[in-house]
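# Remarks on the overall topology
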Amino acid sequence: MADGAEVRLRPVVESDLGMFRRLLTEPFLIGLDWSGFEDAQRPARRFAQDGYLGEQDGRLIPEVRGQVCGLLSYRRGLYGGTATYWEIGIVLLPEWRGRGIGWRAQALLSDYLFSHSPVQRIQAGTHAENTAEQKSLVKAGFQLEGVVRACEFRAGAWRDGYLYSRLRDDPAPVVTPLPDQPAS
Ligand SMILES: CC(C)(COP(=O)(O)OP(=O)(O)OC[C@H]1O[C@@H](n2cnc3c(N)ncnc32)[C@H](O)[C@@H]1OP(=O)(O)O)[C@@H](O)C(=O)NCCC(=O)NCCS
């Protein structure tokens with residue numbers, strides 16, 4: 001990866017579906033969020049339906065110099081009957097982790113969602129042991145709100161989640177180009 005490379009987001013295209021299938025069928029590729037084998041045909045059905053650009057949820061692809069790094073997700077939620085918000089998620093393929101792409105991609109997705117929808121709030125959850133995602137969210141402009149107790153069943157047990165948020169008027173980080181790194 002050469003100096004000055006930027007993280008860019010784009011919609012899903014058909015050639016991304018192989019990666020989506022891998023994430024549903026290869027244990028541990030997804031990281032801590034692995035929740036068992038899932039229907040590998042689902043991504044193709046969803047892509048045919050709306051290209052993963054739905055009103056309630058969607059996905060975008062983070063790229064560096066045209067290379068696919070993983071996926072970003074967003075899902076609409078509702079507080080108090082009227083206050084809609086987005087919950088975002090991210091998975092980078094293992095070879096793209098630890099290079100500064102995660103926080104940049106999540107900052108860019110937040111900017112995109114604030115630009116194209118009137119929500120006041122974007123939230124993200126992660127695990128107590130996921131130090132990389134906790135740091136990545138803070139660098140993307142998110143703040144820790146608290147611990148949501150026993151909110152997910154994962155790896156044989158009910159586990160706590162850490163809830164983060166970024167509000168529309170919170171300071172947005174400057175998304176700089178990636179630092180110089182060895183060629184991938
Ligand atoms: C979590 C994830 C998105 C983070 O993205 P990333 O590009 O790897 O991390 P970033 O480059 O944004 O790093 C952010 C910070 O975390 C640190 N970090 C990165 N990997 C780390 C690790 N394995 N352990 C501890 N800290 C780590 C970085 O050093 C950086 O901190 P610094 O600025 O103090 O140096 C990515 O690793 C990933 O996709 N993991 C698997 C899927 C996953 O866990 N998704 C989130 C589910 S909630």
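Bear in mind the structure is a predicted one, so any value in this text is a computation, not a measurement.

Looking only at helices and strands, the protein has four helices and eight strands in total. Across the protein, helices and strands are ordered from the amino to the carboxyl terminus as β-α-α-β-β-β-β-α-β-α-β-β. Relative to a compact globule of 184 residues, whose C-alpha radius of gyration would be 16 Å, the protein shows 16 Å and is just as compact. Counting only C-alpha atoms, the protein reaches 45 × 40 × 35 Å along its principal axes. Within the protein, the fraction of its 184 residues that count as buried is 25%. Pairs at least 24 apart in sequence give 59% of the contacts found in the protein among residues at least 6 apart.

A few words now on the packing of helix α3 (residues 101-116) against helix α4 (residues 131-139). Relative to each other, α3 and α4 sit at 45°, their axes nearing to 8 Å. Considering the angle they form, α3 stands oblique to α4. For the pair α3 and α4, the sense of crossing is right-handed. Across the interface between the two elements, Gly102, Trp103 and Gln106 from α3 touch Ala132, Ser136, Leu137 and Lys139 from α4. Across the contact of α3 with α4, the residue classes tally to three nonpolar, three polar and one charged.

A word on the site of the ligand. Of all residues adjacent to the ligand, which total 22 residues, the nearest are Gly31, Leu92, Gly102, Ala132 and Lys135. Those elements that provide at least two residues to the shell around the ligand are β5 (83-92), α3 and α4. A total of six residues in the shell around the ligand trace back to one element, the largest contributor, which is α4.

Grouped together as the largest cluster of nonpolar side chains are 32 residues, with contacts concentrated most on Leu72, Ile88, Leu92, Ile101, Ala105, Leu109 and Leu113. Elements with a contribution of two residues or more to this core: α1 (17-25), β2 (57-64), β4 (70-79), β5, α3, β6 (121-126) and β8 (157-167). It is α3 that contributes the most residues to this core, seven residues altogether. Setting aside residues up to four positions removed in sequence, alanine 105 forms contacts with Val7, Leu9, Pro62, Leu72 and Ile90.

A few words now on α3. For an α-helix, 3.6 residues make a turn, and residues three or four places apart therefore share a direction. Across its 16 residues, α3 extends 22 Å between first and last C-alpha, which sits within 8% of the 22 Å expected from 1.5 Å per residue. For α3, every residue scored as buried is listed here: Ile101, Gly102, Trp103, Arg104, Ala105, Gln106, Ala107, Leu109, Ser110, Leu113 and Phe114.

Looking now at unusual backbone geometry. The backbone of arginine 65 sits at a positive phi, close to 50°, despite the residue not being glycine. Within the fold, arginine 65 resides in the loop between β2 and β3 (67-68). Judged by the 13 C-beta atoms lying within 10 Å of it, arginine 65 falls in the partly exposed class. The backbone phi angle of alanine 155 is positive, close to 50°, even though this residue is not glycine. Relative to the helices and strands, alanine 155 is located in the loop between β7 (143-154) and β8. Taking the number of C-beta atoms within 10 Å as the measure of exposure, alanine 155 has 10 and is therefore exposed.

Rules used throughout
- Residues numbered from 1 in each chain as written.
- Predicted model: local features only at pLDDT ≥ 70, side-chain atom pairs only at ≥ 80, totals over all residues.
- Helix = DSSP H or I, 4+ residues; strand = E, 2+ residues; numbered from the N terminus.
- Rg over C-alpha atoms; globule rule 2.2 N^0.38 Å.
- Buried ≥ 20, exposed ≤ 12 C-beta atoms within 10 Å, placed from the backbone.
- Contact = placed C-beta atoms within 7 Å.
- Axes fitted to C-alpha atoms, helices over the stretch in contact; angles between N-to-C directions.
- Parallel < 35°, antiparallel > 145°, perpendicular 65-115°, else oblique.
- Left-handed = near helix turned anticlockwise from the far one by under 90°.
- Nonpolar A, V, L, I, M, F, W, Y, C, P; charged D, E, K, R; others polar.
- Near = placed C-beta within 6 Å.
- Core = buried A, V, L, I, M, F, W, Y, C linked by C-beta atoms within 7 Å.
- Expected span 1.5 Å × (residues − 1).

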